[in-house]
Amino acid sequence: MATRKEGRPKTRRPAAGGGEPVRFYYKGSRLKQLRAFCMIVKLGTLSRAAEALFLSQPSVSLQLRALERELGSELIERRRRRVAPTREGQALYELALPLVEGLDELDQRFRAVRTGLAGGELHIAAGTSTIQYLLPAFVAAFRARHPGVKLQLHNVTGKDGLALLRSDQVDFAVGSMLDVPNDLSYEPVQSYDPFLITPPDHPLARLRELTLADLSPYGLILPPQRLTTYRLVDLIFQQRKVPFQVAIEVGGWEVIKQYVALGLGISIVTGICIDKDDHARLAVRNMGAWFPQRSYGVVVRKGKYLSSEARAFVDLVRPGLFTRRDWFEPGHSER
């Protein structure tokens, strides 16, 4: 009996009403097609997607064409050097990405359930202040419950942390955000008042009533301009049309508090860094009348399927975060 040669395209029989037979030039599972499509959208070129999937570029192209043919929509538009999803492609990407990532992580999640998270890894991006003041209690609780999980805290600025998040080098980020891009979701979990700190014998410490203009003659000690605190302070002074001067730019709340205690300037800090010992060496005044509260929370990439390790940590921060997220919602913003 004659047999069909391997690799030869299959032909679907025409419908009863006649018509040309439909040829499938590439036969593959829907999961493979969706995985290739998601990788193309994520990396922006077919060649990079092929490299990431350990496939040839023609194979990735065939998977994409087969998916477009089966769904009856053009999913990718080709530009000069990169490709981008069409409107239909973006909708499919947001639907498919959590499914693909969930299936890709099925083995890991099953092992985690079976072994109680033993041997897994968790990567978190956070700034120095978050690592120093906010995370210690959560890290201690997580380590007590899941000692077998290797935990790595990536100490990075906000911009670098988002880059790690978008490239899937970390599971999630923790920190403070003013504006949230549409591809990310931010859930605030803790808010802090703003405070003016001065040396105890400073003239501002003796004023019963304080206005924003009273700060103008004195040099401020602030974090670098690229950081959120500097941008926020600048924004408030600009909005109130009050001039201000920066005496020193330096990173780290503990350094700033030390420099203020030495009489090198004054500062506006977030309440996250103020503890009871600071009241012995600094004059601390609430500035909530002029500056907004700062929230700190968890940031995830929309469509990201949280691993069991990540889910366990996030549930310690606040149970149920991101579990019923509509991925088409715009990101939360404090503006």
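Shown above is the structure to which this text applies.
**Observations concerning the packing of aromatic side chains**
As enumerated under the stated definition, the model contains five aromatic pairs in all. Geometrically, the ring pair formed by Phe-172 and Phe-313 is tilted, given 5.9 Å between the ring centres and 40 degrees between the ring planes. Pair noted here: Phe-172 is in strand S7 (residues 172–175) and Phe-313 is in helix H11 (residues 308–317), with a separation of 141 residues, a long-range link. Just as Phe-172 is buried, Phe-313 falls in that class too. Ring pairing ties together the aromatic residues Phe-142, Phe-172 and Phe-313, which thus form one cluster.

**Re the sheet that holds strand S5 (residues 121–126)**
Strand order in the open sheet formed by five strands is S6-S5-S7-S14-S8, and the pairing between neighbours is mixed. Since the sheet does not close on itself, it has two edges, and those belong to strand S6 (150–155) and strand S8 (184–192), each with one partner. Sheet twist, expressed as the mean angle between neighbouring strand axes with direction ignored, is 20 degrees. As defined by bridge partners, S5 adjoins S7 across three bridges and the pair is classed as parallel. Within the sheet, the bridge partner assigned to Ala-125 lies in S7 and is Ala-173. This element, helix H7 (residues 158–166), spans S5, S6, S7, S8 and strand S14 (294–301) of the sheet and lies at about 25 degrees to S14.

**Focus: the sheet that holds strand S13 (residues 283–286)**
Taken together, the three strands give an open sheet; going across it, the order is S12-S9-S13, and neighbouring strands pair in antiparallel fashion. Unpaired on one side and paired on the other, strand S12 (267–270) and S13 mark the two borders of the sheet. Each strand of the sheet is rotated relative to its neighbour by a mean of 35 degrees, with strand direction disregarded. Of the pairings in the sheet, the one linking strand S9 (residues 194–198) to S13 comprises four bridges and is antiparallel in character. Its bridge partner lying in S13, Ile-197 is registered against Val-284. This element, helix H9 (residues 253–261), spans S9 and S12 of the sheet and lies at about 145 degrees to S12.

**What to know about the packing of helix H2 (residues 46–53) against helix H3 (residues 57–71)**
As a packed pair, H2 and H3 sit with axes 8 Å apart at the nearest point and diverge in direction by 105 degrees. By the angle between their directions, the pair H2 and H3 is classed as roughly perpendicular. Residue-level inspection shows Leu-46, Ser-47, Ala-49, Ala-50 and Leu-53 of H2 in contact with H3, the latter providing Gln-57, Val-60 and Ser-61. Counted by class, the contact of H2 with H3 contains five nonpolar, three polar and no charged residues.

**A word on H3**
In this model, H3 (15 residues) spans 21 Å end to end at C-alpha, consistent with the 21 Å of a helix rising 1.5 Å per residue. Of all the residues in H3, the buried ones are Val-60, Ser-61, Gln-63, Leu-64, Ala-66, Leu-67 and Glu-68. Positive phi appears at Gly-72, one or two residues downstream of H3, with a value of about 70 degrees.

How each quantity is defined
- Residues numbered from 1 in each chain as written.
- Predicted model: local features only at pLDDT ≥ 70, side-chain atom pairs only at ≥ 80, totals over all residues.
- Heavy atoms only, no water.
- Phe/Tyr/Trp six-rings, centres within 6.5 Å; stacked < 30°, edge-to-face > 60°.
- Helix = DSSP H or I, 4+ residues; strand = E, 2+ residues; numbered from the N terminus.
- Buried < 20%, exposed > 50% of the residue type's maximum accessible area, 1.4 Å probe, protein only.
- Pairing = 2+ DSSP bridges.
- Axes fitted to C-alpha atoms, helices over the stretch in contact; angles between N-to-C directions.
- Contact = heavy atoms within 4.5 Å.
- Parallel < 35°, antiparallel > 145°, perpendicular 65-115°, else oblique.
- Nonpolar A, V, L, I, M, F, W, Y, C, P; charged D, E, K, R; others polar.
- Expected span 1.5 Å × (residues − 1).

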